[in-house]
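Here is what each chain is made of, one letter per residue.
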Amino acid sequence: QVQLVESGGGLVQAGDSLRLSCAASGQTFSSYSMGWFRQAPGKEREFVAAITWNGGGVYGDSVKGRFTISRDNAKNTVYLQMNSLKPEDTAVYYCAVRLGVVVTTHCAYDYWGQGTQVTVSS
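Conventions used here
- Residues numbered from 1 in each chain as written.
- Predicted model: local features only at pLDDT ≥ 70, side-chain atom pairs only at ≥ 80, totals over all residues.
- Heavy atoms only, no water.
- Phe/Tyr/Trp six-rings, centres within 6.5 Å; stacked < 30°, edge-to-face > 60°.
- Helix = DSSP H or I, 4+ residues; strand = E, 2+ residues; numbered from the N terminus.
- Buried < 20%, exposed > 50% of the residue type's maximum accessible area, 1.4 Å probe, protein only.
- Polar contact = N/O pair within 3.5 Å; in protein donor to acceptor, adjacent residues only side chain to side chain.
- Contact = heavy atoms within 4.5 Å.
- Salt bridge = Lys/Arg side-chain N within 4 Å of Asp/Glu carboxyl O.
- Lys, Arg positive; Asp, Glu negative; His and termini not counted.

Caption draft 1: Spatial organisation of the packing of aromatic side chains. Using the criterion set out here, one finds six aromatic pairs in the structure. When the ring of Phe-37 is compared with that of Tyr-109, the centres are 5.1 Å apart and the planes differ by 75°; the resulting orientation is edge-to-face. Here Tyr-109 lies in the loop between β9 (91-99) and β10 (111-112) and Phe-37 lies in strand β4 (residues 32-39), a separation of 72 residues in the sequence. You can call Tyr-109 buried: its relative accessible area is 5%. Here a set of aromatic residues connected by ring pairs shows up, and it is made of Phe-37, Phe-47, Tyr-94, Tyr-109 and Trp-112.

Structure, rendered in structure tokens:
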């Protein structure tokens, strides 16, 4: 059974940094793309970043230059380093994986974590 478990969320001030982690289990994910989405209250789920099996990253426009995605295939773990956080980054952040190339559409992802809350105060 595939499981994705996110961690690292919390309450921070604008300008601070956070690092999210997502540990995947249940199978080998080396051929999977791994990504992060976020959803704020009353808003659609938004693509944040995703990474191919060999490390190529793709970013949403709102986080380019501030967030960095990385992965450790030996640990089946994907990370999201978030710098220069803004109040508009406040959301529940979800980890997701899919077999194949990176796409930015959430419905194309096969497995999802339960989410971790990130709150950025001004």
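Caption draft 2: The arrangement of the side chain of Ser-33 in detail. As for its position among the elements, Ser-33 is in strand β4. The class of Ser-33 is buried, set by a relative accessible area of 0%. At a separation of 2.5 Å, a polar atom in the side chain of Ser-33 contacts the main-chain carbonyl oxygen of Gly-100. Only 3.2 Å separates the side chain of Ser-33 from the backbone nitrogen of Val-102, close enough to count as a polar contact. Residues within four places of Ser-33 in sequence aside, it is in contact with Ile-51, Thr-52, Arg-71, Ala-96, Val-97, Arg-98, Gly-100, Val-101, Val-102 and Tyr-109.

Caption draft 3: Representation of the pattern of salt bridges within the structure. Applying the stated criterion across every chain yields a total of four salt bridges. A salt bridge links Arg-38 to Asp-89; the shortest N-O distance between them is 2.9 Å. In this pair, Arg-38 sits in strand β4 while Asp-89 sits in the loop between β8 (77-82) and β9, placing the two residues 51 residues apart along the sequence. Of the two residues, Arg-38 and Asp-89, both sit in the buried class. Lys-64 serves as the salt-bridge partner of Asp-61, at 3.2 Å between the closest nitrogen and oxygen. Residue Asp-61 is classed as exposed on the basis of its relative accessible area, which comes to 68%. What emerges from the salt-bridge pattern is a single network uniting Arg-38, Glu-46, Arg-66 and Asp-89.

Caption draft 4: Main features of unusual backbone geometry. Positive phi is not limited to glycine here, since Asn-76 has a value of about 50°. Its place among the elements puts Asn-76 in the loop between β7 (67-72) and β8. On the basis of relative accessibility, which here comes to 17%, the residue Asn-76 falls in the buried class. With a phi angle near 50°, Ser-84 is a residue other than glycine that sits in the positive phi range. Along the chain, Ser-84 falls in the loop between β8 and β9.

Caption draft 5: The side chain of Glu-6, seen in detail. Residue placement: Glu-6 occurs in strand β1 (residues 3-7). Buried and unpaired, Glu-6 has no salt bridge, with Arg-45 as the nearest side chain of opposite charge at 7.9 Å. Looking at Glu-6, its side chain comes within polar contact range of the main-chain nitrogen of Gln-114, at 3.1 Å. Separated by 2.9 Å, the side chain of Glu-6 and the backbone nitrogen of Gly-115 make a polar contact. Leave out the neighbours within four places in its chain, and Glu-6 touches Ser-21, Cys-22, Trp-36, Tyr-93, Tyr-94, Cys-95, Gly-113, Gln-114, Gly-115 and Thr-116.

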